[in-house]
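# Structure assessment
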Amino acid sequence: HYYTSADARTPAFTDEGALFAHFWRCRAMWWNVGPHLKRRMRAESGRTPDQSPQASGSGPSFFSSSSDLEEFKMVLRHKFGSIARAWRVGLDRDESGLLDFREFCAAMRAIGYVGNLRTLWFNMDADNSGTISLNELDPEAAAAFEKFRALSTAKYASIPEMWTRLLDEDRSGRVSLAEFAANTPTLGYDDPEEVEALFHLLLVRPGATFLS
């Protein structure tokens, strides 16, 4: 079941509605890869502790190449249709908004990705924070989701309340693109192309035409 908050154990919505509502509940994950793994990755990459992948020296480095990351993104697009959908459905399984290294490895096994996971992680976690977010894979999608969350919660107490009072006014349990476009100006959207792009980002199932 999905719930609107940790306190009020009230079931929220199923399918896309529940998923994108629950998606905004980001809880901090403090586990990191540990100093031993960081030291080993830096040694193999030729990086000093305060160097980023782009500043790892003048010579070629397997770790500094973006080819693994781009290949990974291609795999996600092919399997899920978009990076944003891959993050929500395949990667961020606990819907915390963050992935640590253990969660990342488990998600990769589930997806069937067979590349070098340590290299891939090192390229994504450039700040050595021990976690990655959608922003490191698809900054545009992450910004669109954050804007939607901020505008929604500025006018309504929660995403589920916004769904009930604004998007799904007819209580049908699903929202079409036409309904979404008609109601999102209330939140502050005025660009039809932006609204349509956001609608498709919120769809979880490939080929779906309704949020539900």
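Higher on the page you've got the structure.
So, here's what we can say about the structure. Note that the coordinates shown come from a computational prediction; the quantities given were computed from them, not determined experimentally.

### Remarks on helix α7 (residues 139-155)
Since one α-helical turn is 3.6 residues long, residues separated by three or four positions face the same way. Its 17 residues give α7 an end-to-end C-alpha distance of 25 Å, which sits within 8% of 24 Å, the value for a rise of 1.5 Å per residue. Among the residues of α7, those classed as buried are A141, A142, F145, F148 and S152. The buried side chains of α7 occupy one side of the element, clustering within an arc of 130° when seen end-on. Seen from the open side of α7, the exposed residues pointing more than 90 degrees away from its buried face are E140 and A154.

### Quick notes on a negative patch on the surface
Residues D190, D191, E193 and E196 make up a contiguous surface patch of negative charge. Inspection of the secondary structure puts D190 in the loop between α9 (177-183) and α10 (192-202).

### Things to note about helix α6 (residues 117-124)
Here α6 lies mainly inside the structure; 7 of its 8 residues are buried. What α6 keeps buried is the set L117, T119, L120, W121, F122, N123 and M124. Where α6 begins, one side-chain oxygen reaches toward the backbone nitrogen of R118, 3.2 Å away; that side chain belongs to N116.

### Overview of the packing of α7 against α10
Where α7 contacts α10, the axes come no closer than 11 Å and their chain directions differ by 100°. The pairing of α7 with α10 is recorded here as roughly perpendicular in orientation. Contacts from A141, A144, F145, K147 and F148 in α7 reach E194, L198, L201 and L202 in α10. When its residues are assigned to classes, the contact of α7 with α10 shows 7 nonpolar, no polar and 2 charged.

### Comments concerning the packing of aromatic side chains
Inspection of the entire model under this criterion finds 7 aromatic pairs. With a centroid separation of 6.3 Å and 75° between ring planes, the pair formed by F72 and F104 is classed as edge-to-face. Taken together, the residues span a long stretch of sequence, with F72 in helix α3 (residues 67-80) and F104 in helix α5 (residues 101-111) at a distance of 32 residues. For the pair shown, F72 and F104 are each scored as buried. Judged by centre distance (5.3 Å) and plane angle (50°), the ring pair of F104 and W121 falls under tilted. Here F104, found in helix α5, pairs with W121, found in helix α6; they are 17 residues apart in sequence, far enough to count as distant. Of the two residues, F104 and W121, both sit in the buried class.

### Brief notes about the nonpolar core
Buried together is how nonpolar side chains tend to be arranged in soluble globular proteins. Among the nonpolar cores identified, the biggest contains 46 residues, and F72, L91, F104, M108 and F180 are the most heavily contacted of them. For this core, the elements supplying multiple residues, two or more each, are α3, α4 (83-91), α5, α6, α7, α8 (159-167) and α10. Examining the composition of this core, we find that 6 residues originate from one element, α5, more than from any other. With residues up to four places along the chain from it excluded, the contact list for F104 reads F72, L99, L117, L120, W121, M124 and I132.

### Observations concerning the packing of α3 against α6
Where α3 contacts α6, the two axes come as close as 9 Å, and the packing angle between them is 100°. As summarised for this structure, α3 and α6 are arranged roughly perpendicular, according to the angle between their axes. Each of D68, L69 and F72 in α3 lies in contact with α6, whose residues at this interface are T119, L120, N123 and M124. In the contact of α3 with α6, the residues fall into 4 nonpolar, 2 polar and 1 charged.

### Looking at the pattern of salt bridges
Here the idea is simple: oppositely charged side chains can pair when their charged atoms come close. The tally for this structure, following the rule as stated, stands at 4 salt bridges. In this structure, the salt-bridge partner of E146 is R149, at a minimum N-O distance of 2.6 Å. Of the two residues, E146 and R149 both sit in helix α7, 3 residues apart, roughly one turn of that helix. Judged by its relative accessible area of 39%, E146 is partly exposed. Given a relative accessible area of 26%, R149 falls into the partly exposed group.

### Overview of unusual backbone geometry
Positive phi is not limited to glycine here, since E95 has a value of about 55°. If you trace the backbone, E95 turns up in the loop between α4 and β1 (99-100). Owing to a relative accessible area of 11%, E95 belongs among the buried residues under this scheme. If you check the backbone angles, R171 has positive phi at about 55° while not being a glycine.

Rules used in this analysis
- Residues numbered from 1 in each chain as written.
- Predicted model: local features only at pLDDT ≥ 70, side-chain atom pairs only at ≥ 80, totals over all residues.
- Heavy atoms only, no water.
- Helix = DSSP H or I, 4+ residues; strand = E, 2+ residues; numbered from the N terminus.
- Expected span 1.5 Å × (residues − 1).
- Buried < 20%, exposed > 50% of the residue type's maximum accessible area, 1.4 Å probe, protein only.
- Arc of directions from axis to C-beta.
- Patch = residues over 30% accessible without salt bridge, like charges linked within 9 Å, V, L, I, M, F, W, Y side chains within 5 Å.
- Areas by Shrake-Rupley, 256 points an atom, 1.4 Å probe, with all protein chains shown as cover.
- Salt bridge = Lys/Arg side-chain N within 4 Å of Asp/Glu carboxyl O.
- Lys, Arg positive; Asp, Glu negative; His and termini not counted.
- Charge placed at Lys NZ, Arg CZ, Asp CG, Glu CD.
- Polar contact = N/O pair within 3.5 Å; in protein donor to acceptor, adjacent residues only side chain to side chain.
- Axes fitted to C-alpha atoms, helices over the stretch in contact; angles between N-to-C directions.
- Parallel < 35°, antiparallel > 145°, perpendicular 65-115°, else oblique.
- Contact = heavy atoms within 4.5 Å.
- Nonpolar A, V, L, I, M, F, W, Y, C, P; charged D, E, K, R; others polar.
- Phe/Tyr/Trp six-rings, centres within 6.5 Å; stacked < 30°, edge-to-face > 60°.
- Core = buried A, V, L, I, M, F, W, Y, C linked by side-chain atoms within 4.5 Å.

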